[in-house]
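An overview of the molecular structure
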Amino acid sequence: MWILGNPIKIEGTEYANERAIYISNHASPIDIFLMMWLTPTGTVGIAKKEIIWYPLFGQLYVLASHLRIDRSNPTAAVESMKEAARTVVKNNLSLIIFPEGTRSKNGRLLPFKKGFVHLALQTRRPIVPMVLTGTHLAWRKGSLHVRPAPLTVKYLPPIRTDDWTADRIDDYVRMVHDVYVKHLPESQRPLGLGNSGNSSNS
């Protein structure tokens, strides 16, 4: 990253060594490399099973024993998530997940999917939010050119999930999303939210 000319500011590293579910906003291919670099040894990614077809990266992903889930239908998705959770607990692993479920085209935060909350309920791992800023300017969607934009990675304090219950999944999704809205710069917040930090997504 330094060779490419992207100075990186890293904050909150005291929260970087937890056995946890590390989550991040996702607006650039750079995010994947940052997450793999800045999470502790014993951390695995979780992605849709089709990732194996991504040239080079997909094959490396599988060879490194990262986890894949089947999102072809709801039943398969639920069972894949349960299996991933069992693997994490059995092998004392941490997880990397992008709760938006896809990459933002313009850097603005998208609604969060519920998968990361289901994994937290099944593993009881704390959630460590990692807030990435500037990555969408450094490597834009659809481009192979990396620009020398400054990047910031900020770890936030772990969110404990020991007392979370399945009947409040939407509340947890909204709460964590609001944490991101609060800590992202205005240019990366969802349009229409302003400074309120209020979101109504699931």
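Definitions and limits used
Residues numbered from 1 in each chain as written. Predicted model: local features only at pLDDT ≥ 70, side-chain atom pairs only at ≥ 80, totals over all residues. Heavy atoms only, no water. Axes fitted to C-alpha atoms, helices over the stretch in contact; angles between N-to-C directions. Helix = DSSP H or I, 4+ residues; strand = E, 2+ residues; numbered from the N terminus. Parallel < 35°, antiparallel > 145°, perpendicular 65-115°, else oblique. Left-handed = near helix turned anticlockwise from the far one by under 90°. Contact = heavy atoms within 4.5 Å. Nonpolar A, V, L, I, M, F, W, Y, C, P; charged D, E, K, R; others polar. Phe/Tyr/Trp six-rings, centres within 6.5 Å; stacked < 30°, edge-to-face > 60°. Buried < 20%, exposed > 50% of the residue type's maximum accessible area, 1.4 Å probe, protein only. pLDDT = per-residue confidence, 0-100. Pairing = 2+ DSSP bridges. Core = buried A, V, L, I, M, F, W, Y, C linked by side-chain atoms within 4.5 Å. Arc of directions from axis to C-beta.

This part takes up the packing of helix α3 (residues 74-90) against helix α4 (residues 115-123). Axis angle and axis distance: for two packed helices, these are the angle between their axes and the distance between the axes, and together they describe the pair. At a minimum axis separation of 9 Å, α3 and α4 run at an interaxial angle of 45°. Taken together, the axes of α3 and α4 lie oblique to each other. For α3 against α4, the interelement crossing comes out right-handed. Between α3, through Met-81, Lys-82, Ala-84, Ala-85, Val-88 and Val-89, and α4, the contact on the second element is made entirely by Gly-115, Leu-119, Gln-122 and Thr-123. In terms of residue class, the contact of α3 with α4 is built from six nonpolar, three polar and one charged.

Tallied over the full model, the rule gives three aromatic pairs. With a centroid separation of 5.6 Å and 75° between ring planes, the pair formed by Phe-112 and Tyr-180 is classed as edge-to-face. With Phe-112 in the loop between β5 (94-97) and α4 and Tyr-180 in helix α6 (residues 169-183), the pair connects residues that are 68 residues apart, well separated along the chain. Residue Phe-112 is classed as buried on the basis of its relative accessible area of 0%. Here Trp-164 and Tyr-172 contribute two aromatic rings whose centre-to-centre distance is 4.1 Å and whose plane-to-plane angle is 5°, an arrangement assigned as stacked. Each member of the pair, Trp-164 as well as Tyr-172, carries the same accessibility label: buried. An aromatic cluster of at least three residues, connected via ring pairs, comprises Phe-112, Phe-116 and Tyr-180.

Bringing the confidence of the model for the protein into the picture now. Summarising the model, the protein shows a mean pLDDT of 87, and 90% of its residues fall at 70 or more. Across residues 194-202, confidence stays below pLDDT 50; counting only partners more than four residues off in sequence or on other chains, it has 23 contacts.

Let's shift gears to the packing of α4 against α6. With their axes 9 Å apart at the nearest point, α4 and α6 run at an angle of 115° to one another. When the interaxial angle is binned, α4 and α6 end up roughly perpendicular. Note on packing geometry: the crossing formed by α4 with α6 is right-handed. Judged by residue contacts, Phe-116, Val-117, His-118 and Leu-121 of α4 engage Ile-169, Tyr-172, Val-173 and Val-176 from α6.

Moving on: the pairing of strand β3 (residues 43-48). The buried fraction of β3 is high, at five of six residues. In this structure, β3 lies alongside β5, joined through three bridges in parallel fashion. Note on β5: the bridge partner recorded for Gly-45 is Ile-96. The sheet contact formed by β3 and strand β4 (residues 67-69) spans three bridges and is parallel.

On to the nonpolar core, then. Across soluble globular proteins, nonpolar side chains show a tendency to be buried alongside one another. Membership of the largest hydrophobic core comes to 32 residues, with the highest contact counts inside it found for Ile-46, Phe-116, Leu-119 and Trp-164. Counting residues per element, the ones that place at least two in this core are β2 (21-24), β3, β4, α3, β5, α4, β6 (127-133) and α6. A per-element tally of this core places α6 first, with six residues. Leave out the neighbours within four places in its chain, and Phe-116 touches Ile-21, Ile-23, Ile-97, Pro-99, Ile-127, Val-173 and Val-176. Core analysis: the second largest hydrophobic core is formed by 20 residues, Ile-30, Leu-38, Val-128 and Leu-151 among them.

As a further point, take helix α1 (residues 30-38). The set of residues buried in α1 consists of Ile-30, Asp-31, Leu-34, Met-35 and Leu-38. Taken around the axis of α1, the buried residues stretch over an arc of 130°, which confines them to a single face. Looking at the buried residues of α1, the elements they touch are β1 (8-11), β2, β5, β6, α5 (135-138) and β7 (151-155).

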